[in-house]
Amino acid sequence: MSKYQPLWEYVANKNAYPLKLNFDEIFSILGFPIDHSFLTYKKEAADFGFAVIKISMKGKTVLFDRL
């Protein structure tokens, strides 16, 4: 199981896409802040039917959308 699986499941269960989450919301879902490894793990999102479209370090947000 991936350390990001709770995030993937959370996003997969949402019905509103595109979905933008800020880093604080992601922290509350995961219990830890996203780090550089997120760039590698984001590929797993496709297994749950969506993709990470944009990561904004300035805005501290991640944008998800359905595949």
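Residues numbered from 1 in each chain as written. Predicted model: local features only at pLDDT ≥ 70, side-chain atom pairs only at ≥ 80, totals over all residues. Heavy atoms only, no water.

Enquirer: Sorry if this is basic, but what is going on with the overall build of the protein here?
Expert: On a plain count of helices and strands, the protein comes out with three helices and three strands. The N-to-C order of helical and strand elements in the protein reads α-β-α-α-β-β. A globule of 67 residues ought to have a C-alpha radius of gyration of about 11 Å, and the protein, at 11 Å, matches this closely. By principal-axis analysis of the C-alpha atoms, the protein measures approximately 25 × 25 × 20 Å. Counting the 67 residues in the protein, one finds 28% classified as buried. Look at the contacts in the protein between residues 6 or more apart in sequence, and 57% of them connect residues 24 or more apart. (Helix = DSSP H or I, 4+ residues; strand = E, 2+ residues; numbered from the N terminus. Rg over C-alpha atoms; globule rule 2.2 N^0.38 Å. Buried < 20%, exposed > 50% of the residue type's maximum accessible area, 1.4 Å probe, protein only. Contact = heavy atoms within 4.5 Å.)

Enquirer: I'm lost on the packing of aromatic side chains in this one. Help?
Expert: A ring pair, where both rings are aromatic, is described by two values, the distance of the centres and the angle of the planes. Tallying each qualifying case throughout the model produces seven aromatic pairs. Taking the centre distance of 6.1 Å and the plane angle of 35° together, the rings of Y4 and W8 count as tilted. Just as Y4 is buried, W8 falls in that class too. Each member of the aromatic cluster is reached from another via a ring pair, and the members are Y4, W8, F32, F38, Y41, F50 and F64. (Phe/Tyr/Trp six-rings, centres within 6.5 Å; stacked < 30°, edge-to-face > 60°.)

Enquirer: What should I look at first to understand helix α1 (residues 5-12) in this one?
Expert: In an α-helix, one turn spans 3.6 residues, which is why side chains three or four residues apart end up on the same side. Every buried residue belonging to α1 is among L7, W8 and V11, and all of these are buried. The buried residues of α1 occupy an angular sector of 100° when projected down its axis, which confines them to one face. Where the residues of α1 are buried, they touch β1 (19-22), α2 (23-30), α3 (38-41), β2 (50-56) and β3 (61-66). (Arc of directions from axis to C-beta.)

Treat this as a map of the structure, not an account of what it does.
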